[in-house]
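Take a look at the letters that make up each chain.
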Amino acid sequence: MDLSVSVSDGVALLEMRRPPANHFDETLIGQVVEAATGLDDDPACRVIVLASEGRHFCAGADFGGGEFARDHVAAAERLYRRAAELFDVRTPMIAAVQGTAVGGGLGLACAADFRVAEPSTRFVANFARLGFHQGFGTSVTLPEIVGRQAAADMLLTGRRITGEEALRIGLADRLATPGSLRETAFALAGEIAASAPLAVRSIRATLRAGLASRVREALAHELAEQKIHWATEDSAEGIAASLARRPPVFRGV
């Protein structure tokens, strides 16, 4: 299994185990969805902490190997079907983000209710630097969290957002001191778990009303745009440059 699940004191830990980058695919996101959905009906669980083993939270899809390298479109179609189900989960979720959350990995972090980061954490919406439209529902979730202007800044430049800046713009909800990421995430989870569980779920449902349907609409649009861009030379160049760790040279074709 690429995901471990444990529950203690009302808090579940879902730990993705594909270090160091924790690239995802339909299988891993499906495991997260199924585990979280199962915890919805577990009275011992009031809050979920989503974390990762290794240096980085999640680097999104692996365009250098696996199913995404073979067929971007087919892999994304399968992935997005499962990703949409994350927004049907009824239990509050906190993402403990170490290292980097890049591309779809940022989208995964934004699917959670809260994000806990360290100063060294980097959030990167690098889609345009890869030559294609953003995905994983970030068209909805990112501006919902940080506002339209900050989302546009991240998406159009593809620049790295530090933990400190993430806290300032609302992308991170807590900034842990170095080495205390999970401790800080579990402290926040404990505060939520101490509240009345029926009220917590009801309040959360009110705050997120309509989010799942808006994300599903966004995913369909994102995939349609990505299909167009993945057939371009710019996308091939962006992905190749990323894999080679060199600056891309885009020509608009």
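Above this text is the structure in question.
Basis of the calculations
- Residues numbered from 1 in each chain as written.
- Predicted model: local features only at pLDDT ≥ 70, side-chain atom pairs only at ≥ 80, totals over all residues.
- Heavy atoms only, no water.
- 1 Å grid on protein atoms, 1.4 Å probe; cavity = no way out; pocket = protein on both sides within 12 Å on 5 of 7 lines; lining within 4 Å.
- Points joined across faces, edges and corners; volume = space filled by probe spheres on them.
- Helix = DSSP H or I, 4+ residues; strand = E, 2+ residues; numbered from the N terminus.
- Nonpolar A, V, L, I, M, F, W, Y, C, P; charged D, E, K, R; others polar.
- Salt bridge = Lys/Arg side-chain N within 4 Å of Asp/Glu carboxyl O.
- Buried < 20%, exposed > 50% of the residue type's maximum accessible area, 1.4 Å probe, protein only.
- Core = buried A, V, L, I, M, F, W, Y, C linked by side-chain atoms within 4.5 Å.
- Contact = heavy atoms within 4.5 Å.
- Pairing = 2+ DSSP bridges.
- Axes fitted to C-alpha atoms, helices over the stretch in contact; angles between N-to-C directions.
- Disulfide = S-S within 2.5 Å.
- Parallel < 35°, antiparallel > 145°, perpendicular 65-115°, else oblique.
- Left-handed = near helix turned anticlockwise from the far one by under 90°.

Volume-wise, the largest pocket comes out at about 1,100 Å³. Forming the walls of the largest pocket are 41 residues, and the residues nearest its centre are Ala59, Val102, Asn126, Leu130 and Ser242. The set of elements that each furnish at least two residues to the lining of the largest pocket consists of helix H3 (72-86), strand E5 (100-102), helix H5 (127-130) and helix H12 (233-244). Among the elements that line the lining of the largest pocket, the one with the most residues is H12, at five residues. Each residue belonging to the lining of the largest pocket can be placed in one class, and the counts come to 22 nonpolar, 13 polar and six charged. Of the pockets and cavities examined, the second largest pocket occupies roughly 460 Å³. Around the second largest pocket, the lining comprises 20 residues; the ones closest to its centre are Asp113, Phe114, Arg204, Leu207 and Arg208.

On to the pattern of salt bridges. A side chain of one charge can pair with a side chain of the opposite charge when the charged atoms of the two come close. Under the defined criterion, the tally for this structure stands at 20 salt bridges. Linking glutamate 26 and arginine 78 is a salt bridge whose minimum nitrogen-to-oxygen distance equals 3.4 Å. Of this pair, glutamate 26 sits in helix H1 (residues 26-40) while arginine 78 sits in helix H3, placing them 52 residues apart in sequence. Relative accessible area serves as the criterion here: at 26%, glutamate 26 is assigned to the partly exposed category. For arginine 78, a relative accessible area of 27% gives the class partly exposed. Between arginine 159 and aspartate 153 there is a salt bridge whose closest N-O contact spans 3.0 Å. Ionic contacts of the salt-bridge type, sharing partners, join the residues Asp2, Arg18 and Asp25 into one network.

Counting residues in each nonpolar core, the largest one holds 65 residues, and the members touching the most others are Phe57, Leu108 and Phe123. Not counting residues within four places of it along the chain, the set of residues in contact with phenylalanine 123 comprises Val97, Ala101, Leu106, Ala117, Met154, Arg159, Arg160, Ile161, Ala166 and Leu171. If you look at the next biggest cluster of nonpolar residues, it comprises 16 residues, including Ala176, Ile192, Ala193 and Val200.

Within a beta sheet, neighbouring strands are joined by backbone hydrogen bonds and run either parallel or antiparallel to one another. One open sheet accounts for three strands, arranged E5-E7-E8; its pairing is mixed. The sheet is open, and its two edges are formed by E5 and strand E8 (160-162), each paired on a single side. When strand polarity is set aside, the average angle formed by the axes of neighbouring strands in this sheet is 20°. Sitting on the sheet, helix H4 (residues 104-111) touches E5 and strand E7 (122-124), and the angle it makes with E5 is about 105°.

Moving on, we come to the state of the cysteines. What we call a disulfide is simply a covalent bond connecting the sulfur atoms of a pair of cysteines. Here the structure, examined in full by the defined rule, presents zero disulfides. Free cysteine cysteine 110: the closest other cysteine sulfur is in cysteine 58, separated by 12 Å. Looking at cysteine 110, the relative accessible area reads 4%, which means it is buried.

A few words now on the packing of helix H6 (residues 138-146) against helix H7 (residues 148-157). If you want to describe how two helices pack, look at the angle between their axes and the distance between the axes. Across the interface, H6 lies against H7 with an axial gap of 7 Å and an inter-helix angle of 125°. As the angle between them shows, H6 and H7 are arranged oblique. Between H6 and H7 the crossing geometry is right-handed. When H6 is examined against H7, the residues Leu142, Pro143 and Val146 are found in contact with a partner set consisting of Arg148, Ala150, Ala151, Met154 and Leu155. Across the contact of H6 with H7, the residue classes break down as seven nonpolar, no polar and one charged.

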